[in-house]
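Understanding the architecture of this molecule
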Amino acid sequence: MTTLHRFDLDRLPATPWKNGGGRTREIACWPPGAGLEDFGWRCSVATVDADGPFSTFAGIDRRILLLAGNGLHLTGEGIDHRLDVPLQPFAFAGEAAIACSRLGSTSTDFNLMTRRGRWQAELTVHDHAVRLAGAPHGLLLAVSGTWRTGTAAPLEAGQGLWWADVAGPAEAVPDTEGGEARLIAIRLMPL
């Protein structure tokens, strides 16, 4: 199945967490329809409303970065990390038991999960025009500003593209330079 999809975060359904501590908006999961036990990769945005444990995912490599809010304090199994600088990725093993404490009120974060030994991922954040190295799977998310990719209408803040088994965009160019625009770019490669 070859796919190139456009998405808008505000239009994605929000699924409440079982523990009531937040909600998740799944952006993309590969293969389509895969559950939490058998996905190869998964990208989502989570809103954290209360302190509590993170779900564990055995065999999964995780990357998280703060999008909005005061951030989170992550602790457990050798981890003591303040996720309080926006757009700074933090990587950890999905099987680690992690407790999450909010550093204020509600925070929103971006999550990338890949199945260890099957997928490799590269996550970068850009504030200027960038040539995108080819990858069979990937995702772009405009965090702020307007971005032109040459594959569709410009991406406004909260909009993005993801692709699978097709060539993704070759470049992303912000309409304004100088720190006004931010873009998350992910390359996903099967091992």
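Residues numbered from 1 in each chain as written. Predicted model: local features only at pLDDT ≥ 70, side-chain atom pairs only at ≥ 80, totals over all residues. Heavy atoms only, no water.

Quick look at the sheet that holds strand β5 (residues 52-53)
Across a sheet, strands are paired by hydrogen bonds formed along the backbone, either parallel or antiparallel in direction. What counts, and what does not: Between any two strands, at least two bridges found by DSSP are needed for them to pair. Here a helix means four or more residues in a row that DSSP labels H or I, a strand means two or more in a row labelled E, and each is numbered from the N terminus.
Reading across from one edge, β5-β10-β7-β8 is the order of the 4 strands in this open sheet, with antiparallel pairing throughout. Among the strands making up the open sheet, the edge pair consists of β5 and β8 (79-83). Here strand β7 (residues 72-76) pairs with strand β10 (residues 99-102) via 4 bridges, running antiparallel. Opposite Leu74, over in β10, you have Cys100 as the bridge partner.

Observations concerning the pairing of β7
For a regular strand, the rule is simple: side chains alternate between the two faces of the sheet. Where β7 lies against β8, 5 bridges are found, and the strand directions are antiparallel. Directly across from Leu74, in β8, lies its bridge partner His81. Turn length for the β7-β8 hairpin, with the two strands adjacent in sequence and antiparallel, is 2 residues, and the turn residue Glu77 shows positive phi of about 45°.

A few points about unusual backbone geometry
The amide bond that connects Trp30 to the next residue, Pro31, takes the cis arrangement and shows omega of -5°. Relative to the assigned elements, Pro31 resides in the loop between β3 (22-30) and β4 (41-48). Phi at Glu77 takes a positive value of approximately 45°, unusual for a residue other than glycine. With respect to the helices and strands, the residue Glu77 is situated in the loop between β7 and β8.

Description of the side chain of Asp8
For clarity, the threshold we go by: Type-normalised accessible area, obtained with a 1.4 Å probe on protein chains alone, sets the label of each residue: buried when under 20%, exposed when over 50%, and partly exposed for intermediate values. Only four residue types enter the tally: Lys and Arg on the positive side, Asp and Glu on the negative side; His and the chain ends are excluded. By definition here, a salt bridge exists when the distance from a side-chain nitrogen of Lys or Arg to a carboxyl oxygen of Asp or Glu is within 4 Å. The contact definition used throughout considers only heavy atoms, calling two residues in contact when any of these lie within 4.5 Å.
With respect to the element layout, Asp8 can be found in strand β1 (residues 3-8). One buried charged side chain, Asp8, makes no salt bridge at all; its nearest oppositely charged neighbour is Arg11, positioned 4.3 Å away. When sequence neighbours within four positions are dropped, the list of residues in contact with Asp8 reads Gly158 and Gln159.

Examining the packing of aromatic side chains
Aromatic ring pairs are described here by two measures, namely the spacing of the ring centres and the angle between the planes. Keep this limit in mind: Side-chain rings of Phe, Tyr and Trp (the six-membered ring for Trp) are treated as a pair once their centres are within 6.5 Å; stacked means planes under 30 degrees apart, edge-to-face means over 60, and tilted covers the remaining angles. A positively charged side chain is recorded as over a ring if its NZ (Lys) or CZ (Arg) lies within 6 Å of the ring centre. The angle to the ring normal must also be within 35 degrees.
Scanning all chains against the criterion turns up 4 aromatic pairs. Each ring, one from Phe39 and one from Phe57, has its centre 6.5 Å from the other, and the planes form 65°; the classification is edge-to-face. With Phe39 in the loop between β3 and β4 and Phe57 in the loop between β5 and β6 (60-68), this pair connects stretches of sequence that are 18 residues apart. Where Phe90 meets Phe92, the ring centres are 5.8 Å apart and the plane angle is 25°; that geometry is what we call stacked. Classification of Phe90 by relative accessible area gives buried; the value is 16%. For Phe92, a relative accessible area of 8% corresponds to the buried category. Members of the aromatic cluster, connected to one another through ring pairs, are Phe54, Phe90 and Phe92. The ring of Phe39 carries Arg115 above its face, with NZ or CZ at 5.0 Å from the centroid.

Details of the pattern of salt bridges
Overall, the coordinates contain 10 salt bridges when judged by the stated rule. The partner of Asp49 in a salt bridge is Arg23, with the nearest N and O atoms 2.4 Å apart. Placement of Asp49 in the loop between β4 and β5 and of Arg23 in strand β3 is noted, with a sequence separation of 26 residues between them. Its relative accessible area of 33% is what places Arg23 among the partly exposed residues. With a closest N to O distance of 3.4 Å, Asp51 and Arg102 form a salt bridge. Residue Asp51 is found in the loop between β4 and β5, and its partner Arg102 is found in strand β10; the two are separated by 51 residues along the sequence. Judged by relative accessible area, Asp51 falls into the partly exposed class, the value being 47%.

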